[in-house]
Amino acid sequence: MPSWQEHKDSGETSVRKYGTAAKIVALVVALLTLLPGLPKLAQADDAASCTAPSATAPATSAVYRDLTYNISLSKEASAKPDVKITLDSNLKLNEGSVPTDATNGPITSYDYDDASKTVTLHLGGSQQAVQFSFGVTPINTANADSSTVYNSTVEACGKKIPLSTQVTGDLKYSVSKSYEVQPGSDNRQVRYGFYYSTVNPNNDTQTFTSWKQTLVDVLPTGVTVTPSPASSDGSWSSVDNADGTSTWTWTRNKAYSPSWNSIGKDNNDIYLDVYYGKDDYKTGDVPPANIVTLNNESKTGIDKSQSTSTVQSPAITGGTTTKEVAIIKTTDAGDTPTVANGEYWTSGTTVDVTSNYINTMDSAKLTEMTLQDVSDYKTNSDYFKHNSFVRIALEFNSVMHDGKYPYTFQYKTNKSSDWVSYDTSGKTTATAPLKVVPVQKGSSGSWNWSGYDRIDLDRGEYITDWKVVVKPAAGSGIPSGG
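From a predicted model like this one, the values you see are computed outputs, not experimental measurements.

Rules and cut-offs
Along each chain, the written sequence defines residue order, and numbers are assigned to residues from 1. Confidence filtering applies because this is a predicted model: local features only for residues at pLDDT of at least 70, side-chain atom pairs given and counted only at 80 or more, and all residues used for totals across whole chains, interfaces and linings. Heavy atoms throughout the structure, all of them, feed into the side-chain values; hydrogens and water do not. Put simply, DSSP marks the helices as runs of H or I at least four residues long and the strands as runs of E at least two long, and each gets a number from the N terminus on. In this description, contact between two residues means that some pair of their heavy atoms is separated by no more than 4.5 Å. In these tables, accessible area is a Shrake-Rupley quantity obtained with a 1.4 Å probe, and a residue counts as shielded only by the protein chains included in the view. Cysteine sulfur pairs qualify as disulfides if the two atoms are within 2.5 Å. A simple rule labels every residue: compare its accessible area, found with a 1.4 Å probe on the protein chains alone, to the largest value its type can have, and call it buried under 20%, exposed over 50%, or partly exposed in between. DSSP calls a pair of strands paired once it identifies at least 2 bridges connecting them. Here an angle of 0 to 180 degrees is reported between the N-to-C directions of two axes, which are lines fitted to C-alpha atoms, with helices fitted over the stretch in contact. Centre distance within 6.5 Å is the pairing criterion for rings of Phe, Tyr and Trp, where only the six-membered ring of Trp is used; planes under 30 degrees apart are then read as stacked, over 60 as edge-to-face, and the remainder as tilted. Geometrically, a lysine NZ or arginine CZ counts as sitting over a ring once it is within 6 Å of the ring centre and also within 35 degrees of the ring normal. We call a set of buried Ala, Val, Leu, Ile, Met, Phe, Trp, Tyr and Cys residues a nonpolar core when their side-chain atoms join them within 4.5 Å. What pLDDT reports is the predictor's confidence in each residue, on a scale of 0 through 100. Basic side-chain nitrogens of Lys or Arg form a salt bridge, by our definition, when they fall within 4 Å of a carboxyl oxygen of Asp or Glu.

Student: Run through the overall build of the chain, naming residues and quoting values.
Tutor: For the chain, the helix and strand inventory stands at 4 helices and 30 strands. When contacts within the chain are restricted to residue pairs at least 6 apart in sequence, long-range pairs at least 24 apart make up 69% of them. Carbon and sulfur atoms make up 50% of the accessible area of the chain, which amounts to about 26500 Å² in all.

Quick look at the structure:
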């Protein structure tokens, strides 16, 4: 029997035992009640050791640009508080931007959960006045427009600090309209072609993605219009107006983000064939100038923009009576020449070589058409010695496009007199234009202009001759205008 029990009757001893047991239970309960409070006290100490939190973000940021978050606070030298950042759903942490130092801090390590967009920065080190910055990168930028705001939250020292950044940008896209009439014709039949592009497709662009594009063209009275079939993810519709004109609208409900690639340019597949009737347009009349308007809308429709292009087809004529193949070669002035090592250097010069088959006498067609520029013809050798091809683009007009003829492309260089065939298998005059650029073998630099493929040449080797041969299948032929 324990020494503290009194030797009275058993009942009193029993009472004392139960009383003592109750005290022990009460003590255990009290201890258990206090234990859950211990972490809270420690947490309160950490909060007390971390004060004056501050966080900033840029008020505005151009679309596609990274953002920098700046955070500062004061802490006790021995304190190791955490800072939690919840990022906007359209942002992700730029992990390479977080400055960590496991020994000296102030950020000793961090955790990042991309699913929840949560960043937890673990602070340490003896610094008391703590300042640091890190970057975040926007995602889902194709959906961004002037309605987009990045909202993130910083939690530090027991306080929540909201961060908001308004996204800015533009909707700058341009439209181009051209006309095409067949050589030797009376200019009544005109094909108006359209394409549109990004004004600034470079890395520094601030242009939002366009999610709806329309081309609107009002054509005059007295014409017959045949639209191109649905293409480039868009199609034409028309409305007849009370004044006899007609409004033609090409609509594309698909994203077009800033790009070096234009919509409708390579395939020449957005067009209106317009015939100016003889009752309303006499010989000598000039069809009225024609304006097309490009309309763009951002994802939510809050941003809108317009661009226009104007062309005027040539005067109506009586046509010509001829059967011939015509060719013309022109060049622009290029950049201002500079002198280097006793030689004149210029860049940006564009040489155009155009050839057409014209037959207004009968229905005879060409079974083959060859266009070439060679160094062994007359004084051409001097030309090729002083000019180096940087890019070569082969394009076909609407007659060739509609014919879908196979073709070949060959070239020679200063190292060999043999023709070298470039692979055009699967290509026709209806597919995207052939674009090639001569490149020194092994090069990996900025040769790859948009849509261009490379021709590998040895060091010091350059193209001296080129040749294009269009040969329709048996039983077919190239009609006048090709």
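So that's the structure; there's more coming.
Student: Tell me what's going on with the state of the cysteines, and back it up with residues and numbers.
Tutor: Within the structure shown, the criterion is met by 1 disulfide. Across a sulfur-sulfur distance of 1.8 Å, Cys50 and Cys157 are joined as a disulfide pair. On the sign convention where negative means left-handed, the S-S torsion of about -50° between Cys50 and Cys157 marks this disulfide as left-handed. One end of the pair, Cys50, is in strand β1 (residues 50-56); the other, Cys157, is in the loop between β9 (149-156) and β10 (159-168), and 107 residues separate them in sequence. Neither residue differs from the other here; Cys50 and Cys157 are each classed as buried.

Student: Quick rundown of the sheet that holds strand β3 (residues 67-75)? Include the residues and the values.
Tutor: Reading across the sheet, the 4 strands line up as β1-β3-β8-β5 and stay open at both edges, with antiparallel pairing between neighbours. Of all the strands in the sheet, just β1 and β5 (91-93) have a single pairing partner and so form its edges. Neighbour-to-neighbour, the strand axes of this sheet turn through a mean angle of 30°, independent of strand direction. In this structure, β5 lies alongside strand β8 (residues 129-138), joined through 3 bridges in antiparallel fashion. Residue pairing in the sheet places Leu93 in a bridge with Val136 of β8.

Student: Mind laying out the packing of aromatic side chains, listing which residues take part and the relevant values?
Tutor: Under the criterion given, the structure shown has 9 aromatic pairs. Between Tyr276 and Tyr281, the aromatic rings sit 5.0 Å apart at their centres with planes inclined by 80°, giving edge-to-face as the arrangement. Note on accessibility: Tyr276 and Tyr281 belong to one class, buried. Within the aromatic cluster, the residues linked to one another by ring pairs are Tyr173, Tyr196, Trp250 and Tyr256. The ring of Trp211 is capped by Lys299, whose NZ or CZ atom sits 3.8 Å from the centre of that ring.

Student: Account for the environment of Pro229, with residues named and values stated.
Tutor: Its location among the elements puts Pro229 in the loop between β14 (223-227) and β15 (235-240). With near-sequence residues (within four places) excluded, Pro229 lies in contact with Asp269 and Tyr271.

Student: With reference to specific residues and values, describe the sheet that holds strand β12 (residues 189-198).
Tutor: The strands that make up a sheet pair up through hydrogen bonds in the backbone, lying either parallel or antiparallel. The strand order across the open sheet built from 4 strands is β11-β12-β17-β14, with neighbouring strands paired in antiparallel fashion. In this open sheet, the two edge strands, each paired with only one partner strand, are β11 (173-180) and β14. Mean inter-strand twist for the sheet, computed between neighbouring axes without regard to direction, equals 20°.

Student: Can you tell me about the pairing of strand β27 (residues 416-422), naming the residues and giving the values?
Tutor: Within a regular strand, side chains alternate between the sheet's two faces. The pairing of strand β26 (residues 407-413) with β27 spans 4 bridges and is classified as antiparallel. Counterpart to Phe409 in the pairing with β27 is Tyr422. Taking the residues that link successive antiparallel strands as the turn, the β26-β27 hairpin has 2 residues.

Student: Can you tell me about the nonpolar core, naming the residues and giving the values?
Tutor: Grouped together as the largest cluster of nonpolar side chains are 56 residues, with contacts concentrated most on Val83, Ile85, Leu121, Phe134, Val154 and Leu215. Of all hydrophobic cores here, the second largest spans 22 residues; its members include Tyr357, Tyr422, Leu434 and Ile455.

Student: Give me the confidence of the model for the chain: which residues, what numbers.
Tutor: In the predicted model, the chain carries a mean pLDDT of 83, and 84% of its residues have values of at least 70. Within the model, the stretch residues 1-45 combines pLDDT values under 50 with 8 contacts to residues more than four positions away or in other chains.

Student: Talk me through the pattern of salt bridges; I want residue IDs and the actual numbers.
Tutor: Here the structure, examined in full by the defined rule, presents 11 salt bridges. Lys254 is paired through a salt bridge with Asp233; the nearest N and O atoms lie 3.2 Å apart. Remark: Asp233 occurs in the loop between β14 and β15 and Lys254 occurs in the loop between β16 (246-252) and β17 (271-276); sequence separation between them is 21 residues. A relative accessible area of 41% means that Lys254 is categorised as partly exposed. Each of Arg191, Asp273 and Asp402 takes part in salt bridges that share partners, so that together they form one network.

Student: So what's going on with the pairing of strand β6 (residues 107-113)? Which residues, and what values?
Tutor: Sheet analysis places β6 next to strand β7 (residues 118-123), joined by 6 bridges and oriented antiparallel. From the neighbouring strand, Asp113 faces β7, where its bridge partner is Thr118. What sits between β6 and β7 in their antiparallel hairpin is a turn of 4 residues, with Lys117 showing a positive phi close to 60°.

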